[in-house]
Amino acid sequence: MGYSGARGGLDAILAAERLVREARDHAPAPWVSTEQITARFRLAVDRVQGEAGLYHEPTAADAFRQAEGDVVEAAHLVRAHRSTLPRLAVSEPVDPDEMVVLRRIVPAHRTPDGPQLLGRTTDYTGRMLERAPEPPAPVDGSSNGSAPRAPQQDPGQRRPARFSAFLRKLDLLVEHPPPADDPPFDVTRRPARPPAPRSAVLASMARAETGALVGLWYRSILGPDGDVHEVTLGEVRHGYLPLRVRHPHTGNPVEIGRFRATETEAIEDLDGADEDRTRFDVGYGLCFGHNERKAIAMANLDIACRRFGRTGPLEQLLLLTTDGLDSAGFLEHLKLPHYVTFRSMVERKQAMRATGVATEPPGRDCR
């Protein structure tokens, strides 16, 4: 409400909001339903869920529609909504090995334990723009247009052993002591500041703005001459994980639902002077929904923080600059009135000129 003190004041603010609502509510195209958004814009909905830290597809879809497709604004809406909800219980820790896999690729090995499941992806298709999608044609000569039934799969294929277990059997992984941050750091209750436990860094990255995280990861692997350090992706998974809470009367864990998540393990070739060069290290990333870019960046940045110290500039950047609401909020506030501060800057310049202060850059010979 920074404009309320400016000329026009509250009336101008209300008129601006009214223009947004009128353009949105009286658009020539029909109103897009929540179900259509979750079905047609699933990746955007998953990004909103991840950056807002709330897994509920209808809420994320409603926010996406209200924000007119602005993912950062939609995440802001969902975070504000989440702050009004009661916290009824704390979920039990979940074992990622329980994931029912929908997609699983292992770039580091041709024939890993378990199958390569390409799943739903456009990674291997050409980027050809489709102007007007046509309704699906009947398949296999049928008249109802239903797709051919997928071949039956062994249930064991949906829960394959992870690739890091294969490396561990070969004694090729560095073993790390279990973390001492129990319970995990809750970034929704208090901000994480360096030096922070690993759980705080991972949680901050899970809620980070995807583009900011990818950009920071890309910069972290670029050498001084623009060469890219070798990066190996161990495994990428997308699937369902169970959500459990303790029953208020029996105290036993009870499964109350499932949620989709993306999980990644990145492999690092250790070559430092004080590192075991006979082994690899593994970084980890996990985030809500189907967001492979974020999970891959998380895993690589996780291992970078471990290798180069948890108090270095990388951790500071992760904790302080990648949150979409923080960075976008600071940027957006620049559009609010800054008349007084800028006027004082102008008066300072005029005063310096009036008193004859040298206008030449420091260190330059004025003779």
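Just above sits the structure.
Now for a quick tour of the structure. (Residues numbered from 1 in each chain as written. Predicted model: local features only at pLDDT ≥ 70, side-chain atom pairs only at ≥ 80, totals over all residues. Heavy atoms only, no water.)

Time to look at the sheet that holds strand E3 (residues 253-269). With respect to topology, four strands assemble into an open sheet ordered E1-E2-E3-E4, the strand pairing being antiparallel. Looking at the sheet topology across the chains shown, the edges are occupied by strand E1 (100-105) and strand E4 (280-288). Between one strand axis and the next, the sheet turns by 25° as a mean value, whatever way the strands run. Bridge analysis of strand E2 (residues 232-246) against E3 gives 14 bridges, and the strand direction is antiparallel. Within E3, the position partnered with Tyr240 by the bridge is Arg260. (Pairing = 2+ DSSP bridges. Helix = DSSP H or I, 4+ residues; strand = E, 2+ residues; numbered from the N terminus. Axes fitted to C-alpha atoms, helices over the stretch in contact; angles between N-to-C directions.)

For helix H3 (residues 42-52), the tally of buried residues reaches nine of 11 residues, placing the bulk of the element in the interior. Within the sequence span of H3, burial applies to Arg42, Ala44, Val45, Asp46, Val48, Gln49, Gly50, Glu51 and Ala52. Immediately beyond the C-terminal end of H3, within one or two residues, lies Gly53, with a positive phi of roughly 75°. (Buried < 20%, exposed > 50% of the residue type's maximum accessible area, 1.4 Å probe, protein only.)

Moving on: empty space enclosed by the protein. Scanning all chains against the criterion turns up one cavity of 30 Å³ or more. If you add up the space inside the largest cavity, you get close to 30 Å³. Lining the largest cavity we find Phe163, Ser164, Leu167, Gly234, Glu235, Glu265, Ile267 and Val282. Top element by residues in the lining of the largest cavity is helix H6 (residues 163-169). It accounts for three residues. Split into classes, the residues belonging to the lining of the largest cavity amount to four nonpolar, two polar and two charged. (1 Å grid on protein atoms, 1.4 Å probe; cavity = no way out; pocket = protein on both sides within 12 Å on 5 of 7 lines; lining within 4 Å. Points joined across faces, edges and corners; volume = space filled by probe spheres on them. Nonpolar A, V, L, I, M, F, W, Y, C, P; charged D, E, K, R; others polar.)

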